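Breakdown of the fold
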Amino acid sequence: MSAQIEAFLEMMAVERDASIHTLAAYRRDLDDADGRVEGGLMKADRAQLEAWYADLAHRGLSAATAARRRSAVRQFYRFVLEEGWRTDDPSQGLAAPARGRSLPKVMSREAVEHLLGAASQAETGGAVRLLCLIELTYASGLRVSEVLGLKLAQVAGDPAFLTLKGKGGRERLAPLNDPARRAIQAWLAVRTPADSPWLFPSRGKTGHLTPRRFEQLLKTTALQAGLDPSGISPHVLRHAFATHLLEGGVDLRVLQTLLGHADIATTQIYTHVSSERLGEIVRTHHPLARRADDT
C-alpha cells in the first residue's frame, strides 16, 4: 500500500476520529483500487478509474459495497489534492451506476400471528422475554436499538406510550397497544436481575440483550412456527408494523412520525411495498385472475 494511502488513513484516524472498523473498510477499499488500477491510484487517469468503476459491478459486488469503494476513492483524491500531491482529481465527475433501492422484506399478518403463537407456547422466563420483545417491536415499530435500549424507567407505571430518542437525538412517542402492555407486565414479573436499569438485561458488555441474540431467538422461534427464518429479523418486524398500518389506511405523515423518519422519502418506500402486496392480493383472490390461471 502506498505511503499516500497510509497518510490518508492516519488523517482519518486523527482528524476525523474514524473507528477501527471504518479504517479497516477504507483500507480494504483503497487497497482494492490501488491494486487493480495499473500504476496505482497515484498515477491513475480518468479512463482507468472509469474501467475500475465498471469492474466493480462485473465482479458481482453488492451495490452498497461498490458505492462505498467509489466513495473511499473520491475522498482519497480530495485528500491528495489538499496535500498537493496531484493537481487533478481523476474521480471528479465520474458517474456511478444508478443504485436501486431494495424493497424491505415484509411478514404477512398471518406470519406475525404464527410467530407470536410459537413464542407464547413456552412458559419459561426466556419465552416471556421473547414474546415481550416481539410485541414491542411489532406494536410500536421500534428499531432494534430502541427496543433493546429500553430502560425500566421508561415502562414504569404501565404507560400507554414510550418516549424514545432515535437517530439524530430526535424524540418521539411510540404507542403501546394492550397486548404489548400485557407482555411488558408479564416480563417484569419474572425479569432478573432486579438491580439492572435495562428492561432486557444481559451479562454482556452492554448490559442488555444484543441485536444478534434477539435475531437468533427470532429465527429459532420462526422454525418452531413453521416459517422461513431467513425472512425474519427484528427489522422485518418493524417493516411489518409500517406496512400493515399503511395497508389499513394510516396517513403517510402519521407513519413517518411513528417510525421516527426525518425525511418522508424514507417512509414512502412502504407505499411501493403496499402496492405490491395489493397487487398480489388481486392476483391470488380475484375470480377473474383465478379464471385466467385456469385457461
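This is a predicted model, so every value here is computed, not measured. (Residues numbered from 1 in each chain as written. Predicted model: local features only at pLDDT ≥ 70, side-chain atom pairs only at ≥ 80, totals over all residues. Heavy atoms only, no water.)

Here we take up the nonpolar core. Judged by nonpolar contacts, the single largest core of 39 residues is most densely connected at Met-107, Leu-115, Leu-136, Val-147, Leu-162 and Phe-200. Elements with a contribution of two residues or more to this core: α5 (109-121), α6 (125-140), α7 (144-148), β1 (161-165), α8 (178-190), α9 (211-224) and α10 (234-247). Met-107 has contacts with Val-112, Leu-115, Leu-227, Gly-231, Ile-232, Val-236, Leu-237, Ala-240 and His-244, leaving out every residue within four places of it along the chain. Ranked by size, the runner-up nonpolar core spans 25 residues in total, among them Leu-41, Leu-56, Phe-76 and Val-80. (Core = buried A, V, L, I, M, F, W, Y, C linked by side-chain atoms within 4.5 Å. Buried < 20%, exposed > 50% of the residue type's maximum accessible area, 1.4 Å probe, protein only. Helix = DSSP H or I, 4+ residues; strand = E, 2+ residues; numbered from the N terminus. Contact = heavy atoms within 4.5 Å.)

All right, on to the packing of aromatic side chains then. Counted by the stated rule, this structure contains 7 aromatic pairs. Both rings, one in Phe-8 and one in Phe-76, keep their centres 5.9 Å apart while their planes meet at 85°; by these two values the pair is edge-to-face. Of the two residues, Phe-8 is situated in helix α1 (residues 3-15) and Phe-76 in helix α4 (residues 63-83); the sequence distance between them amounts to 68 residues. Summarising the burial analysis for this pair, Phe-8 and Phe-76 share the class buried. Ring centres 5.5 Å apart and planes at 85° place the aromatic pair Phe-79 and Trp-85 in the edge-to-face group. Owing to a relative accessible area of 6%, Phe-79 belongs among the buried residues under this scheme. Counting every residue linked through ring pairs, the aromatic cluster contains Phe-8, Tyr-26, Phe-76, Tyr-77, Phe-79 and Trp-85. (Phe/Tyr/Trp six-rings, centres within 6.5 Å; stacked < 30°, edge-to-face > 60°.)

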